[in-house]
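Observations on chain architecture
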Amino acid sequence: MQGPDQTTAETMPGRAGLISLLLCTLFPMLGLFAIGVALPVVAQSFENQPHAALLSQLIGGVAGLAFAVSSPVIGALIDRFGFKRIYIASLVGFALLGALPALMDSLPLIVVSRLFFGITVAGALTAGMAGLGTLPAELRAKMFGRNAVMTSLGAVVTFPLVGALASYDWRYSFLLYLLALLLVPLAMTLEPAIEPKPAPPLPTADLARTGDFRLGVSPVLLLMAAFIGLTMYVGPVFAPFYVSEIGVTDPRLAALPMSAMSIGSLIMASNYGRLHGKFGTTPLFFLTMALAGFGLVGAGLAGSLPVFIAAMFIVSCGLALFTPNLGTYITSTSQRPARGIGWAMSAIFAVQILFPFIAQAIEAALGPAAVFLLLGGVALAAAGVFVIKGLRTRAKQS
């Protein structure tokens, strides 16, 4: 039986509600990553406190850990209470808990507050994506693509803004989280939660029968999400160190691969809806792996900065397709879409905690280029699996 706040048909929200949903992917970027620009200033301000450098780094780390652990739980709560309630509560919590460190004078307390803050980031992203999943089917992929575009554009603005605020006072950078309150009135205009609809039958070439799993997502897709999570970390974390191995020491030049990746992400995210309409979800998963694989292998073989920049541009084109395609696929096929999104987001972000250890082990054994080459090889192998499954399906149909 439906609850009092549920409807049975897909509903298109008004402009205000749609804007609030499209901005949901800004919260992980702002809450988990952009604040990193301010953390060195935080460490300097608390240099007289024990373990100031470590605790300052944990300000970012514990929020990411809480995000990864709580995302599946958030998904289950959305299935029970609806995405609207969780989204609004998460927006309020994001603003208040995010700004709380500006009032604190203890690094350990700030770290504890960030642990709870990470849960609100998970709530905002998972509920927002679940809300996009309730849109009419003909608009869903297009809106997930626009959602990804908002992330790319937001990164261009928020990273410099956080740095500028921290240059005056690190506390100002945390007050930026209060902007989430502006979305609360917009989110309140959303339609109440929509009852999960049965998953349609899937072609045998698809990843697995996502709707058949209690997690709301197939283990195959979770494994792919975890791998993409590792690959996403290569650009911002490992690439700056690697370019020094090929003779690039100027920080301005070392930043060029990231700039190229931002451009590639924006281009592909902007065209996701068009690509999905032409090819569908499964071919785009193949394209994600193929582009990421070829780009990573090219980066590992690059002997000059221009070649490395071009390779990382190709990587970003593949990666930019994954998150909107993931959301489209899960919400179109799963009996428990919110739960599936929660588990998928957890897989993407939880594995990133392990990346420094994995990269260090590979680098110590085989050299820094091997990090790119091995990840690229795995991606190309996965792309090959998609090709084989597609050929087998065509053979059966003929």
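Anything mentioned here points back to the structure above.
How each quantity is defined
Residues numbered from 1 in each chain as written. Predicted model: local features only at pLDDT ≥ 70, side-chain atom pairs only at ≥ 80, totals over all residues. Heavy atoms only, no water. Helix = DSSP H or I, 4+ residues; strand = E, 2+ residues; numbered from the N terminus. Buried < 20%, exposed > 50% of the residue type's maximum accessible area, 1.4 Å probe, protein only. Contact = heavy atoms within 4.5 Å. Phe/Tyr/Trp six-rings, centres within 6.5 Å; stacked < 30°, edge-to-face > 60°. Axes fitted to C-alpha atoms, helices over the stretch in contact; angles between N-to-C directions. Parallel < 35°, antiparallel > 145°, perpendicular 65-115°, else oblique. Nonpolar A, V, L, I, M, F, W, Y, C, P; charged D, E, K, R; others polar. Expected span 1.5 Å × (residues − 1). Bend = angle between axes of the 7 residues up to and from the residue.

What follows is about the environment of Leu 175. Looking at where Leu 175 falls in the secondary structure, it is placed in helix α8 (residues 170-175). You can call Leu 175 partly exposed: its relative accessible area is 36%. Sequence separation of Leu 175 and Leu 100 is 75 residues, and the distance between their C-alpha atoms is 8.1 Å. Excluding anything up to four places from it in sequence, Leu 175 contacts Ala 99 and Ala 102.

A full pass over the atoms with the stated rule returns 11 aromatic pairs. Taking the centre distance of 4.8 Å and the plane angle of 70° together, the rings of Phe 27 and Phe 94 count as edge-to-face. Of this pair, Phe 27 sits in helix α2 (residues 26-33) while Phe 94 sits in helix α5 (residues 83-99); the two residues are 67 residues apart in sequence, bridging distant segments of the chain. Taken as a pair, Phe 27 and Phe 94 share a single burial class, namely buried. Since its relative accessible area comes to 0%, Phe 94 is described here as buried. Taken together, the ring pairs connect Phe 27, Phe 46, Phe 94, Phe 117, Trp 170, Phe 174 and Tyr 177 into an aromatic cluster.

A word on the packing of helix α13 (residues 272-279) against helix α14 (residues 281-301). The interhelical angle for the contact between α13 and α14, taken along N-to-C directions, is 120°, at an axis separation of 7 Å. Considering the angle they form, α13 stands oblique to α14. Note on element contacts: α14 touches α13 through Thr 281, Pro 283 and Leu 284, opposite Tyr 272, Leu 275, His 276 and Phe 279. Considering only residue class, the contact of α13 with α14 consists of 5 nonpolar, 2 polar and no charged.

The next point concerns helix α7 (residues 137-168). Across its 32 residues, α7 extends 47 Å between first and last C-alpha, which sits within 8% of the 46 Å expected from 1.5 Å per residue. The largest bend in α7 is about 30°, located at Gly 154.

Let's shift gears to α5. With 17 residues, α5 extends 24 Å from end C-alpha to end C-alpha; this agrees with the ideal 24 Å at 1.5 Å per step. Among the 17 residues of α5, 12 are classified as buried, and the element is accordingly described as predominantly covered. Inspection of α5 places Phe 83, Lys 84, Ile 86, Tyr 87, Ile 88, Ser 90, Leu 91, Gly 93, Phe 94, Ala 95, Gly 98 and Ala 99 among the buried residues, and these make up the whole buried set. Buried residues along α5 sit against α1 (15-22), α2, α4 (52-81), α6 (107-132), α8 and α9 (184-187).

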